[in-house]
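# Structural characterization, general
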Amino acid sequence: MSVRVRFAPSPTGYLHIGGARTALFNWLYARHAGGIFVLRVEDTDDARNTREAVDVILDGLRWLGLDWDEGPVSGDAMQESKGDRGPYFQSQRGDIYQRRIQELLDNELAYEHEGAIKFRMTREPVTIPDLVAGDVVRKLTDREEADPDFVIVRSDGKPVFHLVNVVDDIEMGITHVIRGEDHLSNTSKHVELFKAFGVELPKFAHIPLILNNDGSKMSKRDTGASMTTYMEGGYLPAAVVNYLSLLGWSPKDDTEVMPVAELIKRFDLPGVQRANARFDMAKLDWLNFEHIRALEPDDFIAQALGQLQAAGIDTAARDADYTNAALALCTDKIKNLNDIAGYIGFFFRDAVEFNAEAAEQAFTPENRPHLAALREAYADLTQFDADSLMESLKATAAAREVKNKVLVMPARVACTGSKVGPSLYHLMEVLGQAEVVKRFDAALETM
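Residues numbered from 1 in each chain as written. Predicted model: local features only at pLDDT ≥ 70, side-chain atom pairs only at ≥ 80, totals over all residues. Heavy atoms only, no water.

Here 3 strands make up an open sheet; going across it, the order is β4-β5-β8 and the pairing antiparallel. Unpaired on one side and paired on the other, β4 (110-113) and β8 (150-153) mark the two borders of the sheet. With strand direction ignored, the average angle separating the axes of adjacent strands in the sheet is 45°. Both strand β5 (residues 116-119) and β8 contribute to a ladder of 3 bridges, which runs antiparallel. Considered in β8, the bridge of Lys 118 is made with Val 151. (Pairing = 2+ DSSP bridges. Helix = DSSP H or I, 4+ residues; strand = E, 2+ residues; numbered from the N terminus. Axes fitted to C-alpha atoms, helices over the stretch in contact; angles between N-to-C directions.)

What follows is the structure, given as structure tokens:
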């Protein structure tokens, strides 16, 4: 059996992390099994049926790298697709639903009721075979005992979610329905609809919910709930994919840092856990750091230049060797791409922007003669490399009978404007002798 899975979001105006995780699990399973990943948008709600709401979802999936395999040729009025297929839109599939509704009516499995159409639901408990939850038996509730039948077409003539969801899964040949556990309560209705159409049930896999770290349900207002947080927050897509994969799934060993190719190789439904997952931003930040460290040099440079440009920092005036040397100083230091501009932006500014607190602590009257002495020592150096700079600072401190740190912080703030940043001696080597002396002079003028 060739695996066919789908992600079927509703356009609510944002892509929830739970929806992104559902899409990822479907995509990983399709890629692992050599199957097909279908994307369809459940846009039958006219109030939310806008291109902008759909594009939020599509942009999020593209950012994560979750490409879909089927869909109409691009160019429909809803999308103006960016060079890829589809997706399918339920709003464009009305004829298919009407044909299936008539099939139920003809077989007396549905009937008209007060202007609507209701499905004849079984009066017996329904067993839902689930690859994650096991066999789940749904009995009638007290409310349903009198009339378990449910509406499949509203009085305004529009089919409801339960019907179109099942019909689309049948028409698209979906073999595995991988979705959030919150849908499990609806699945007894879907099981009976599949049976009514005389088709084999797909294999259900209801994956655990994502909760806040304190165990509460994650709402759209909670930190990290929207994919926009990561798309704009300095995270690598590969790191977010890695983290989302571990929310409710685990490989057979304790491996946590995995590139996408390894996730595809390892992912399978038996590894999906039953317990709800808890969102941990600190772990995501750690994974992001590990993925940034693992970038190939050219990829890191491309990411860093993009961040500097976005921050309004022009690197064009510097030669490539200077720029690459500056970027190399933060390869193993940056935990978030958005930190790059603040960490090394000083390399590309003609004048240092002093942090007020740092300047107040570093540029004291007591420190001025020490920094002036270091300025003279550095101006006289015939070799301006990190080792020479370090030895010269130590010698100056010894001559003035002060500790090294008395010179280190003023020197750092003079060169960078901040108390934190790359290795002091290496950053001064990259800046070069003339620039370091110039920056020392500018600092001394403020003291």
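Summary statistics for the protein give a mean pLDDT of 92 and a share of 96% for residues scoring 70 or more. The low-confidence segment residues 75-83, where pLDDT is below 50, has 24 contacts with residues more than four positions distant or belonging to other chains. (pLDDT = per-residue confidence, 0-100. Contact = heavy atoms within 4.5 Å.)

Here we come to the environment of Val 41. Considering the arrangement of structural elements, one finds Val 41 in strand β2 (residues 36-41). Taking relative accessible area as the criterion, Val 41 reaches 1% and is therefore assigned buried. Between the C-alpha atom of Val 41 and that of Asp 339, which follows or precedes it by 298 residues, the distance is 36 Å. (Buried < 20%, exposed > 50% of the residue type's maximum accessible area, 1.4 Å probe, protein only.)

Counting 50 residues, the largest nonpolar core has Leu 61 and Phe 279 as its most contacted members. Looking at this core, the elements that each hand over two or more residues are β1 (4-7), α1 (17-33), β2, α2 (51-64), β10 (203-207), α8 (237-245) and α10 (281-293). For this core, the element with the most residues is α1, which contributes 9 residues. Among residues more than four places away in sequence, those in contact with Leu 61 are Phe 7, Leu 15, Ala 23, Leu 39, Leu 66 and Trp 68. Formed by 49 residues, the second largest nonpolar core is a distinct cluster that contains Leu 236, Ala 341, Ala 414 and Leu 424. (Core = buried A, V, L, I, M, F, W, Y, C linked by side-chain atoms within 4.5 Å.)

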